[in-house]
Amino acid sequence: MLKVDKVCTYYGKVMALHEVSFEIGQDEIVSIIGANGAGKSTLMKSIMGTVPIKSGSIQFEGKEISKQKPHVNVKNGIVYVPEGREIFPNLTVKENLEMGAFCRNYSSKKINELYEECYEMFPKLKERQKQQAGSLSGGEQQMLAIARGLMSEPKLIMFDEPSLGLAPVIVDEVFDIIVKLQQAKHIPVVLVEQNAFMALSISNRAYVLENGVVSLSGQSSELLNMPSVKEAYLGG
Amino acid sequence: MLKNIAKRSALPVILLIVAVLFPIVVHNNYYIQICCTSMIYLVAVYGLNFITGMTGQTNLGTAGIFALGAYTSALFETVLGWNAWLSLIPVIAMGVIIGFGLGFPSLRLQGIYLALTTIALTEIVRKVILAWSSLTQGALGIKQIPNISIFGLEIKTTTQYYYFALVIIVILSIICSRIIKGKWGRIMIAVKDNPEAASTCGANIVTIKLTAFVIAAILGCLAGWMFCHNYNYVNPSTFTMDMSINFVIMMSLGGAGNIYGCMLGALAITLLPELLRVFGEYYQIIYALIVVTFAVFLPGGITSLIKRGIDFLKVKLRKNAQATK
Amino acid sequence: MISTATLVQAIVSGIAMGLIYSLVGIEYTLIWNTTGMLNFAHGKVITFCGYLFGALCLKQMGLPLVWSLILALVLAAILALLMSSSIFIPLRTKDNLCCILATVMAGKILYEAMRLIWGAFNVGIDNYFPGTINIFGATLPATYIYVLAIAFVMVVALQIFLNKTKIGKGMKCVSQNKNAASLMGINVTRYMRIATILSFVVCCFLSILLIPLITLSKEMAEMIALKGFAAGIVGGFGLIPGCTVGGVILGVVENLACIVIPSGYKDVVAFVLLIGFLLIKPSGILGKKAK
């Protein structure tokens, strides 16, 4: 579904990604783990088009998308739930959700259906629909960011560090939701995480990024038990 | 060691010689007057350089400061009959007052808000001068401001004024250059680049900003003092936001934070309208286009272009030297 | 004792002028919110639109009022596309001084264009809001009432547009968080252009409202433009409802002040308010206290 092939990305003169390749199929969760600064977010932004790539190719559903701007990728069905949530603080929860469906021209009947679906999956958001998004807690904002991403009925969804800054109990909830929605929608999910254990536990396959290079890849269950991975990312 | 001193003083000495010889070589009063005007503006630009070029505080109110300096000296001389040198005292005092007046808002306001405040202050100054006609003669302006006299010699002609201004510029250039290259200069640049980091290094932001504003205001008022004795006439329509913007252009075009940049800017911008007269009706548009092009492509000003050119040549010469070895 | 008539005169004309300040506030806030640039040329834009409407369409082409309005709006939109593509969008990431210089110089270019095209033109336009109205014993030129009504309708229409239509909501998002907006499928650059077009359309309406009040001249909108900044700051910088509140307050306070202070100082009131608010409550009346 999404194929990233030998992508190089530079920030000025600094090379952030060096010939990174990965791919994801129709119905799986793939996680990308690595330390801070390894290039995980850069990879996401390169796919979305927020950051331009120097060389390599990115193909979505067989079409080359490496030169497209972010809003075009969104219209084509790739949703990116960014690092730090990036919700609209001065809009209400419901208005944020509405913006999620902005790129589609849904009838009001369809939008209401989508709202209902969201509220079923995220009951807390239903309670707070009229509240200003900026006043929600970290966990609630993350739920909102995920729900908002789902509003445009994406074909592929990418999560960038969803556990960042959240309490462990909330982190569990968030990952629960990610698994549930993947099983319900059968869409590919790319999960970028520093929390390697959680990421490997819920994903089918994984890639390890180190200093802008893919150092390991394979089935998540295998990587979980690999000594090198255990030492570096799972606390020995 | 002597070679270093010789290298460093080469440029200023050459400039000084050219400047001293200029009126002798060029007898055209018109061009000498242009140089006088550039020098007067240069004083104000030196001031602006401290605030905006170095400390990074947006200041669009230089025309207002200039106006206050000019009117203060004009009023003290025409109404109270003081002579020019005596009226320097209230002029400098006015500079200090304005410096604090503008400095305090700058402690709380940044960027665009500070820009708007300085614009507002300039407009208030202009409107008050216009409206308080019992004091300032309003739109008519103040006429017949006496000339400056040094030990009995009255500075009447353009050429006399030229040398008078030149002396002031030389003194101020040395002082400002000292400040810029010294401790204060570096601290100001630090405050422009990153105020939080500067304060964690022990710099007292309040003192620095206020000092920068006071210096700038004193210089601005001084420029106003020089201005009213050159033209012997002031009126409020001269001191508009257009003038403030011109000062900013002079400072940026030449290259902010740089004495030679200021000189280049002041001369270029005063001279440019004359050079562009060829284009007749279109010269304002071309002027505006030139400024926009510089603002977009060369934010460092002309001196940054020259520096890049010199660096490029140095690298080339080094490469050639290595190749021939 | 101040007569009721004087008071009513001051307040009604104050609200009318105030709504004009509000509209100025709104037009520059639209561009500020989406691009982060303050359009220092907006006074010249307003005046230029005035010449497009009054000189070009009304006089030189001899079109009737409504057609002149429509053509002027179209031309204003074209100007908006030109300016946003050449100045607002390319320069928005550069530093403050650069942005200020660029917009001021753009204003200069517009001014010179006006001078070159229409300089010698004697624009005598008959007041298209004729008559007088009597309120509480005060006789006012009907112009003020027309201006008040039209400006009020515009402010309300803009509020509805920004809050209820899809494009308006998109613009709100671009103002709040550009990154997130682009991730919602919003073409941020395109919305900046749309915001500029909307801003210049408002400028065009402003010029039409100003012509009967001030008469068409190259300096027509300068003071109004600066006071528009004050309106935004007083009411809440960056907030559209703030501009509305700030503008009306400014208009009324100005006029009331002139009952007590000499009228030569009228313009000073706006700037004193601007500085006062910036020093005491920079977020304005409607703004929340920034951290």
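Conventions used here
Residues numbered from 1 in each chain as written. Chains lettered and ligands numbered in written order. Predicted model: local features only at pLDDT ≥ 70, side-chain atom pairs only at ≥ 80, totals over all residues. Heavy atoms only, no water. Pairing = 2+ DSSP bridges. Helix = DSSP H or I, 4+ residues; strand = E, 2+ residues; numbered from the N terminus. Contact = heavy atoms within 4.5 Å. Axes fitted to C-alpha atoms, helices over the stretch in contact; angles between N-to-C directions. Core = buried A, V, L, I, M, F, W, Y, C linked by side-chain atoms within 4.5 Å. Buried < 20%, exposed > 50% of the residue type's maximum accessible area, 1.4 Å probe, protein only. Salt bridge = Lys/Arg side-chain N within 4 Å of Asp/Glu carboxyl O. Disulfide = S-S within 2.5 Å. Expected span 1.5 Å × (residues − 1). Bend = angle between axes of the 7 residues up to and from the residue. Buried area = accessible area lost by both parts, 1.4 Å probe. Polar contact = N/O pair within 3.5 Å; in protein donor to acceptor, adjacent residues only side chain to side chain. Nonpolar A, V, L, I, M, F, W, Y, C, P; charged D, E, K, R; others polar.

Trainee: Which residues make up the sheet that holds strand β2 (residues 14-24) of chain A, and what values go with them?
Mentor: Hydrogen bonds between backbone groups are what pair the strands of a sheet, and the pairing can be parallel or antiparallel. Residues and elements named next belong to chain A. Pairing is antiparallel across the open sheet formed by 4 strands, whose spatial order is β2-β1-β4-β5. The open sheet has two edge strands with one neighbour each: β2 and β5 (63-64). Pairing between strand β1 (residues 2-11) and strand β4 (residues 55-60): 5 bridges, direction antiparallel. From the neighbouring strand, D5 faces β4, where its bridge partner is S57. Strands β1, β2 and β4 of the sheet are contacted by helix α1 (residues 40-48), whose axis makes an angle of about 70° with β2.

Trainee: Any details on the nonpolar core? Residues and values, ideally.
Mentor: If you look at the biggest cluster of nonpolar residues, it comprises 229 residues, and the most contacted ones within it are L43 of chain A, F66, W225 and V234 of chain B together with F40 of chain C. At 15 residues, the largest contribution of residues to this core is made by helix α2 (residues 29-54) of chain B. Once you skip the residues sitting within four places of it in the chain, W225 of chain B turns out to touch G69, A70, S73, E77, A84, W85, S87, L88, V91, I148, F164 and I168 of chain B.

Trainee: With reference to specific residues and values, describe the pattern of salt bridges.
Mentor: Using the criterion set out here, one finds 15 salt bridges over all chains in the structure. Here K127 of chain B ties to D267 of chain C by a salt bridge, and the two come within 2.8 Å at their closest N and O atoms. One end of the pair, K127 of chain B, is in helix α5 (residues 111-131); the other, D267 of chain C, is in helix α11 (residues 266-280), on a second chain. Across the pair, exposure class does not vary: K127 of chain B and D267 of chain C are buried alike. K44 of chain C is paired through a salt bridge with E222 of chain C; the nearest N and O atoms lie 3.6 Å apart. In this pair, K44 of chain C sits in helix α2 (residues 42-60) while E222 of chain C sits in helix α9 (residues 222-235), placing the two residues 178 residues apart along the sequence.

Trainee: Before we move on, can you summarise the state of the cysteines with the specific residues and values?
Mentor: What the rule picks out here adds up to 0 disulfides over all chains. In this structure C103 of chain A is a free cysteine whose sulfur lies 12 Å from that of C173 of chain C, the closest cysteine sulfur available.

Trainee: Could you give an account of the side chain of S182 of chain C, naming the residues involved and the relevant values?
Mentor: Following the sequence through the fold, S182 of chain C ends up in helix α7 (residues 178-183). Excluding anything up to four places from it in sequence, S182 of chain C contacts P70, H71 and V74 of chain A together with V188 of chain C.

Trainee: Could you give an account of the pairing of strand β6 (residues 78-81) of chain A, naming the residues involved and the relevant values?
Mentor: Residue and element names in this part refer to chain A. Judged by which residues are buried, β6 turns out to be covered on both faces: I78 and Y80 on one side and V79 and V81 on the other are all buried. Bridge count between β6 and strand β7 (residues 156-160): 4 bridges; the pairing is parallel. When the sheet's bridge partners are listed, Y80 is paired in β7 with M158.

Trainee: Could you give an account of helix α12 (residues 259-276) of chain B, with specific residues and numbers?
Mentor: In an α-helix there are 3.6 residues to a turn, and that puts residues three or four apart on one side. All names here are of chain B. Taking 1.5 Å per residue as the helical rise, α12 with its 18 residues ought to reach 26 Å, and the 25 Å between its terminal C-alpha atoms agrees with that figure. The largest bend along α12 measures about 30° and falls at T270, with the proline P273 one to four residues further on. Three or more residues of α12 are buried, namely I259, G261, C262, G265, A266, I269, T270, L272, P273 and L276. Looking at the buried residues of α12, the elements they touch are α2, α7 (158-181), α11 (241-254), α13 (283-297) and α14 (301-324).

Trainee: So, helix α10 (residues 240-260) of chain C: which residues are in play, and what are the values?
Mentor: With 21 residues, α10 of chain C extends 31 Å from end C-alpha to end C-alpha; this agrees with the ideal 30 Å at 1.5 Å per step. Looking at the buried residues of α10 of chain C, the elements they touch are α1 (4-35), α5 (142-164), α9 and α11 of chain C.

Trainee: Could you give me a rundown of the interface of chain C and chain A, with the residues and numbers involved?
Mentor: Across the boundary between the two partners, chain C contributes 18 residues, which contact 23 residues of chain A. Of all residues in chain C, Q176, L183 and M184 of chain C give up the largest surface area on contact with chain A, accounting jointly for 37% of the area buried on that side. Scanning the region where chain C abuts chain A turns up 1 salt bridge. Taking the shortest distance from any N to any O, the salt bridge between K169 of chain C and E98 of chain A comes out at 2.5 Å. On the surface where chain C and chain A come into contact, there are 7 residue pairs in polar contact (both at pLDDT 80 or more). Mapped by element, the contributors of at least two residues to the side of chain C that touches chain A are α6 (166-176) and α7 of chain C. Counting residues per element, the side of chain C that touches chain A draws most heavily on α6 of chain C, which supplies 6 residues.

Trainee: An account of the interface of chain B and chain C is needed here, citing residue identities and associated values.
Mentor: When the parts of a complex come together, some accessible area is lost, and that lost area is often taken as the interface size. Each partner contributes residues to the interface: chain B has 40 residues there, and chain C has 34 residues. Summing both partners gives a buried area of about 3,400 Å² for chain B against chain C, and 81% of it is carried by carbon and sulfur. If you sort the residues of chain B by the area they bury against chain C, I112, L116 and K127 of chain B come out on top, with a joint share of 17%. For the pair chain B and chain C, the interface holds 2 salt bridges. Its salt-bridge partner being D242 of chain B, residue K108 of chain C comes within 3.8 Å of it at the nearest N-O pair. When residues in the side of chain B that touches chain C are grouped by element, the largest group, 15 residues, is from α5 of chain B. For the side of chain B that touches chain C, the residue count by class is 28 nonpolar, 6 polar and 6 charged.

All we've got here are geometric facts, nothing functional implied.
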